[in-house]
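Here's the letter readout for the chains.
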Amino acid sequence: MHHFHYTGPDLHCESVDLAAVAKLYGTPTYVYSAGTMADNFHRLQRGFDGVDLQICYAVKANSNLAVLRHFANLGAGFDLVSGGEIRRVLAAGGDVKSSVFAGVGKTEDEIRLALENEIFALHVESEPELARINHVAGQLGVRAPIAIRINPDVDALTHAKITTGRSDNKFGIPLRHAAAAYEAAAKLKNIRIKGVQMHIGSQLTEAGPYQEAVERIAPLAMQLKATHGITYFSIGGGLGIVYQDALASGQSAWWEALPADRRPLTPETYGAVLAPLLAPLGLKVMLEHGRFMVGNAGVLLTRVEHLKRGAGRNFLIVDAAMNDLVRPAMYDSYHEIVPLHRDSSRRALTADIVGPVCESGDCFAQGRQIQEVGEGELIALMSAGAYGYVMASRYNTRGLPAEVLVQGSMFELVNARETFDQITAREKVPAFLK
Ligand code: LLP
């Protein structure tokens, strides 16, 4: 479910006409629905009804301050991976005390910042990192709260670049070394053992791998509860979203019409499979979803520059590019693309939908069917709320795009388009070239 739908012929986000947003703020522009984010948060919560639950929104998916404030208002903690993200949560008025700090290479400065702000826990990825955290905590005269990330060696059945729970991935400590790692942690003076953690990958579309990983780690969690008094089990994030049927998925129970093998993994199914496995452990359950919370809550608006009719191939050249949304170029990912104004009298067009950047990888879709659109008309790339703006770059000296947040009939620019002066502000020509 999401809040992007046609009212008459025009695509709206909640009650806001997206063409009006594009007219005011130009393109390319990301537009987010606050209502969709809230729905996603509440659906996830309801999926684990009866379980002591803490949702830590994975900031990396979309770190705009307005988005963070919205999740803070909903009661979320945050899953953080850098000093910058810690500072973002503070700037947005979020609660670091109910947030966790993950990542395989935390620096001493970052660990210090997390501890000074009384982080709920640091998620430890290796023995040397544990020693570093112990050292920094000692300097500050505190005991660092930690959970160790366990790598359960499970195939998450997702894209190779975003699978993280296999033994050949760089993440976590192998299950067979876990008990010894906790014993070692217990001997460190400045460490306080608080929980256990796993995260097996992103864009998971089946519950099976989660179930397998939880079943592998649950006996260890029970043992750690008895020996070290752990209080929580974080099962990470990774819940996948719908990319193929993005527009249709705005309707409630829309998936019932799909064949079984194309049905998405809903938060209801995810909760129904995992809650019964987790509840008997008597531990707080932590979830660290990013994509699920924001992915279907955002679109990228872009304007058509030209329709170039080639030899046997059409190119729809738009003003957004791989620097604005890199996922198709980086992971060959699919984003549904729809016109902002639907017109049934138009013919269908099959085209490659491409940006203006000077490489062939700057392509959002190949051979895609779309209603014929011409210069100046607007289209939307759906399911772009997660790993969109946050992965944008200035390649080709293109400024970062604008971001707008919608709630009901209200909308506001929450990040202005970057100007040329802002792009070059920190650059200078050295004296020896003058
Ligand atoms: N927890 C940990 C420890 C993580 O590494 C991640 C994501 C998450 C939680 C949140 O995962 P999510 O719920 O969003 O799937 N740029 C890629 C996705 C990278 C995910 C990295 N880790 C993409 O655009 O598909």
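Residues numbered from 1 in each chain as written. Predicted model: local features only at pLDDT ≥ 70, side-chain atom pairs only at ≥ 80, totals over all residues. Heavy atoms only, no water.

With respect to the packing of helix H8 (residues 208–228) against helix H9 (residues 267–278)
Running from N to C, H8 and H9 cross one another at 10 degrees; their axes reach a closest spacing of 10 Å. Of the possible angle classes, the one that applies to H8 and H9 is roughly parallel. Where H8 abuts H9, its residues Tyr-210, Gln-211, Val-214 and Glu-215 lie against Tyr-270, Val-273, Leu-274, Leu-277 and Leu-278. Classifying every residue of the contact of H8 with H9 by side-chain character gives seven nonpolar, one polar and one charged. (Axes fitted to C-alpha atoms, helices over the stretch in contact; angles between N-to-C directions. Helix = DSSP H or I, 4+ residues; strand = E, 2+ residues; numbered from the N terminus. Parallel < 35°, antiparallel > 145°, perpendicular 65-115°, else oblique. Contact = heavy atoms within 4.5 Å. Nonpolar A, V, L, I, M, F, W, Y, C, P; charged D, E, K, R; others polar.)

Brief notes about helix H6 (residues 127–140)
Look at H6: 20 Å from first C-alpha to last across 14 residues, which is about the 20 Å you get at 1.5 Å a residue. Turning to H6, its buried residues are Glu-129, Leu-130, Ile-133, Asn-134, Val-136 and Ala-137. Of the surrounding elements, those touching the buried residues of H6 are helix H5 (108–116), strand E8 (121–124), strand E9 (144–151), helix H7 (175–187) and strand E11 (191–197). Once H6 finishes, Gly-141 follows within two positions and takes phi at roughly 70 degrees, a positive value. (Expected span 1.5 Å × (residues − 1). Buried < 20%, exposed > 50% of the residue type's maximum accessible area, 1.4 Å probe, protein only.)

Let's talk about the site of the ligand
Around the ligand, the structure places 18 residues, and the nearest of them are Ser-202, Gly-238, Arg-291, Arg-327 and Tyr-387. One of the side-chain N or O atoms of Asp-79 is found 3.2 Å from a nitrogen atom in the ligand. Contact distances for the ligand include 2.8 Å between a nitrogen atom and a side-chain N or O atom of Tyr-331. For the ligand, the accessible surface in isolation is 590 Å², of which the surrounding protein chains cover 91%. At a threshold of 2 Å from the grid points, most atoms of the ligand map onto the largest pocket. Residues that form the shell around the ligand fall into these classes: five nonpolar, seven polar and six charged. Among the domains, domain 1 (34–290) and domain 2 (296–424) are the pair contributing at least three residues each to the shell around the ligand. (Near = heavy atom within 4 Å. Polar contact = N/O pair within 3.5 Å; in protein donor to acceptor, adjacent residues only side chain to side chain. Areas by Shrake-Rupley, 256 points an atom, 1.4 Å probe, with all protein chains shown as cover. 1 Å grid on protein atoms, 1.4 Å probe; cavity = no way out; pocket = protein on both sides within 12 Å on 5 of 7 lines; lining within 4 Å. Sits in = over half its atoms within 2 Å of the grid points. Domains from an automatic or database assignment.)

What to know about the domain arrangement of the protein
If you check the domain split of the protein, you get domain 1 (34–290) and domain 2 (296–424). Centre-to-centre separation of domain 1 and domain 2, based on C-alpha positions: 31 Å. Counting residues at the interface gives 22 residues for domain 1 and 23 residues for domain 2. Each partner contributes to the roughly 2000 Å² buried at the junction of domain 1 and domain 2, and carbon and sulfur atoms together form 56% of this total. The interface formed by domain 1 and domain 2 contains zero salt bridges. Here domain 1 and domain 2 share 11 residue pairs in polar contact (both at pLDDT 80 or more) between them. (Buried area = accessible area lost by both parts, 1.4 Å probe. Salt bridge = Lys/Arg side-chain N within 4 Å of Asp/Glu carboxyl O.)

Brief notes about unusual backbone geometry
A cis geometry characterises the amide bond from Thr-27 onward to Pro-28, with omega recorded as -5 degrees. Here Pro-28 shows up in the loop between helix H1 (18–25) and strand E4 (29–33). Despite not being glycine, Glu-14 shows a phi value in the positive range, around 50 degrees. Inspection of the secondary structure puts Glu-14 in the loop between strand E2 (10–13) and strand E3 (16–17). Classification of Glu-14 as buried rests on a relative accessible area of 11%. Phi at Asp-153 is positive, roughly 55 degrees, even though this residue is not glycine. Relative to the helices and strands, Asp-153 is located in the loop between E9 and strand E10 (173–174).

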